[in-house]
Amino acid sequence: MKVQGIYTNKYFKNSLEFAKKNGALFAGTASLVMSTIARPIAIMATPNTDKENKKYACAKSFSSSAVGYFLMLLASVPVAKAIKNINQAPLKYLKKSTVDFFKKENKNLDKSSTYNFATQLFTLGVGFVIAVPKSIMTCALIPPLMSKIFPKRDSDKKDDINNSKMQKKSPSPSFTGSQSVVIEGLSKGIGKIMDTQSLQKLSEKFHNTNFEQHIMSLTDVLITASFMQQTKHNKKIKEARKKPLMYNSAISTGLCLTGGYAVNSLVKKKFDKFVEKFTEANKNSPKLADYIEGLKIAKTTLILGGIYYIVIPIISTFLADRVDRKNTKLFS
């Protein structure tokens, strides 16, 4: 039986391959699109909510997406290249016993689920590592973005904020010239960690779990906690707008995590059937293992992204506004 359509679409397969090779940047790219288009529209469409709170929520969305993508690009590309080095010459960076452990019954290392788990810990783990810096920069960029997007409300802060924004934008990736040295060092460092029994035991225990979603969820929790802490102490954000921002963030993350796992459970059978049909359509492709791993990452990214950037903004913006009003009345 000939299977056509999305199962054999080259652009779709290229996207899956990208997701497998650099899951963190794939998620960052998807987040950039959704947080700069879908989420602001959803926030501004929230009914019966303070307009100023909605503007701050939009500014936070733009700030988070810009900072997140920049940092993800800066951090994930070297890691992805380092993993690629290990894939191409495993015995150069890994002990023979490590290669044998990950291969087991598989002739090709990249088809081993335990090996894919170990490498994804590094590629997806980049998001967790940059979570705190992302939150700090996100919070710092909210005031300048408010003055830029909504100048009538905060025009008096525009000059100082624009200067601050220029300072934030000045750093840029600088791997040119020393790129090969950096990548080689990363490959060796990652290889040493993969040689350890603790990581191998971790891979053996969790390689068949929904670890992609677990990593992304933990990253979201850390980002939210750090953002709330930064918002609380940011002197450039109006005091009256801090609590709605913090409530919005906490509600969004809480709903996203619970909703994400619920939706994942609901679509599991349909996703497994899709994977079966996709596998049948591409059974002769040497990149099939990469595509399957990419499918898992893409599924988690789209589930969490769809909930976080489209469904939840309306709910969280509305609830955050109501919680803030209630607290204001209680303590006034």
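What you are looking at is a predicted structure, and each value in this text was computed from that prediction instead of being measured.

### Some words on the side chain of K20
Move 1: Mapped onto the fold, K20 is located in helix α1 (residues 10-21).
Move 2: Residue K20 is classed as buried on the basis of its relative accessible area, which comes to 7%.
Move 3: Sequence-distant contacts of K20, defined by excluding residues within four places in its chain, comprise N87, N116, Q120, D290, E293, G294 and I297.

### Looking at the nonpolar core
Move 1: The biggest cluster of nonpolar side chains holds 34 residues, and the ones touching the most others in it are I86, F102, Y115, F122, I142, I190 and M194.
Move 2: Among the secondary structure elements, those contributing two or more residues to this core are α2 (23-44), α3 (51-88), α5 (96-103), α6 (113-123), α8 (131-149) and α11 (179-194).
Move 3: In terms of residue count, α3 provides more of this core than any other element does, nine residues in total.
Move 4: Formed by 28 residues, the second largest nonpolar core is a distinct cluster that contains L16, A27, L124 and M216.

### Quick word on the pattern of salt bridges
Move 1: Enumeration according to the criterion identifies eight salt bridges in this entry.
Move 2: Residues K268 and D272 are paired through a salt bridge, measuring 3.0 Å at the closest nitrogen-oxygen approach. Within this pair, K268 and its partner D272 are both found in helix α14 (residues 239-281), separated by four residues, close to a single helical turn.
Move 3: Here the residues in one salt-bridge network are E17, K21 and K287, joined through shared partners.

### Describing the environment of G28
Move 1: Counting through the fold element by element, G28 comes out in helix α2.
Move 2: Placed 45 residues apart in sequence, G28 and L73 show a C-alpha to C-alpha distance of 8.3 Å.

### Thoughts on the side chain of S76
Move 1: Structurally, the position occupied by S76 is in helix α3.
Move 2: Ignoring anything within four residues of it in the chain, the contact list for S76 reads N22, A24, L25 and V126.

### A closer look at the packing of aromatic side chains
Move 1: Going through the model one piece at a time under the given rule, you end up with nine aromatic pairs.
Move 2: Ring geometry for F12 and F278: centres 6.1 Å apart, planes at 80°, overall edge-to-face. With a gap of 266 residues between them, F12 in helix α1 and F278 in helix α14 connect regions that are remote in the sequence.
Move 3: Judged by relative accessible area, which is 0%, F278 ranks as buried.
Move 4: Through a chain of ring-to-ring contacts, three or more aromatic side chains come together here, namely Y7, F12, F274, F278 and Y291.
Move 5: One cation-aromatic arrangement involves K299 over F271; the distance from NZ or CZ to the ring centre is 4.6 Å.

### Some words on a nonpolar patch on the surface
Move 1: Taken together, the side chains of L255, I310, V311, I315 and L319 make up a nonpolar region of the molecular surface, amounting to roughly 380 Å² of accessible area.
Move 2: Tracing the sequence through the fold places L255 in helix α14.
Move 3: Looking at L255, the relative accessible area reads 32%, which means it is partly exposed.

### Observations regarding the packing of α1 against α2
Move 1: One can describe the packing of α1 onto α2 by two numbers: an axis separation of 5 Å at closest approach and a directional angle of 120°. Between α1 and α2, the angle falls in the class oblique. On α2, the residues that touch S15, F18, A19, K20 and K21 of α1 are G23, L25, F26 and T29.
Move 2: Along the lines of polarity and charge, the residues of the contact of α1 with α2 split into four nonpolar, three polar and two charged.

### Looking at the confidence of the model for the protein chain
Parts of the model with low pLDDT should not have their predicted coordinates read in detail.
Move 1: Here the protein chain averages 79 in pLDDT, and 83% of its residues register 70 or above.
Move 2: The lowest-confidence element of the protein chain is helix α10 (residues 158-169), averaging 43 in pLDDT; the highest-confidence one is helix α4 (residues 90-93), averaging 93.

### A short note on the environment of S226
Move 1: Inspection of the secondary structure puts S226 in helix α13 (residues 211-233).
Move 2: Of the residues examined, S226 reaches a relative accessible area of 11% and is grouped as buried.
Move 3: Each C-alpha atom, one on S226 and one on K134, is 8.9 Å from the other, the two residues being 92 residues apart in sequence.
Move 4: Excluding its chain neighbours within four sequence positions, the residues that come into contact with S226 are V132 and S135.

### Examining α13
Move 1: Under the 1.5 Å per step criterion, the end-to-end length of α13 is 34 Å for 23 residues, consistent within 8% with the ideal 33 Å.
Move 2: Along α13, the residues classified as buried are F211, E212, Q213, I215, M216, S217, T219, I223, T224, S226, F227 and T231.

### A look at the packing of α6 against helix α12 (residues 197-206)
Relative placement of two packed helices is described by the angle separating their axes and the distance separating the axes.
Move 1: Remark: α6 packs on α12, axes separated minimally by 8 Å, with the N-to-C direction vectors making an angle of 115°. Here α6 is positioned roughly perpendicular relative to α12, judged by the angle of their axes. Both α6 and α12 take part in a crossing whose hand is right-handed. From α6, T114, F117, A118, L121 and F122 reach across to α12, where they touch L199, L202, S203, E204 and F206.
Move 2: Classifying every residue of the contact of α6 with α12 by side-chain character gives seven nonpolar, two polar and one charged.

Rules and cut-offs
- Residues numbered from 1 in each chain as written.
- Predicted model: local features only at pLDDT ≥ 70, side-chain atom pairs only at ≥ 80, totals over all residues.
- Heavy atoms only, no water.
- Helix = DSSP H or I, 4+ residues; strand = E, 2+ residues; numbered from the N terminus.
- Buried < 20%, exposed > 50% of the residue type's maximum accessible area, 1.4 Å probe, protein only.
- Contact = heavy atoms within 4.5 Å.
- Core = buried A, V, L, I, M, F, W, Y, C linked by side-chain atoms within 4.5 Å.
- Salt bridge = Lys/Arg side-chain N within 4 Å of Asp/Glu carboxyl O.
- Phe/Tyr/Trp six-rings, centres within 6.5 Å; stacked < 30°, edge-to-face > 60°.
- Lys NZ or Arg CZ within 6 Å of the ring centre and 35° of its normal.
- Patch = residues over 30% accessible without salt bridge, like charges linked within 9 Å, V, L, I, M, F, W, Y side chains within 5 Å.
- Areas by Shrake-Rupley, 256 points an atom, 1.4 Å probe, with all protein chains shown as cover.
- Axes fitted to C-alpha atoms, helices over the stretch in contact; angles between N-to-C directions.
- Parallel < 35°, antiparallel > 145°, perpendicular 65-115°, else oblique.
- Nonpolar A, V, L, I, M, F, W, Y, C, P; charged D, E, K, R; others polar.
- pLDDT = per-residue confidence, 0-100.
- Expected span 1.5 Å × (residues − 1).
- Left-handed = near helix turned anticlockwise from the far one by under 90°.

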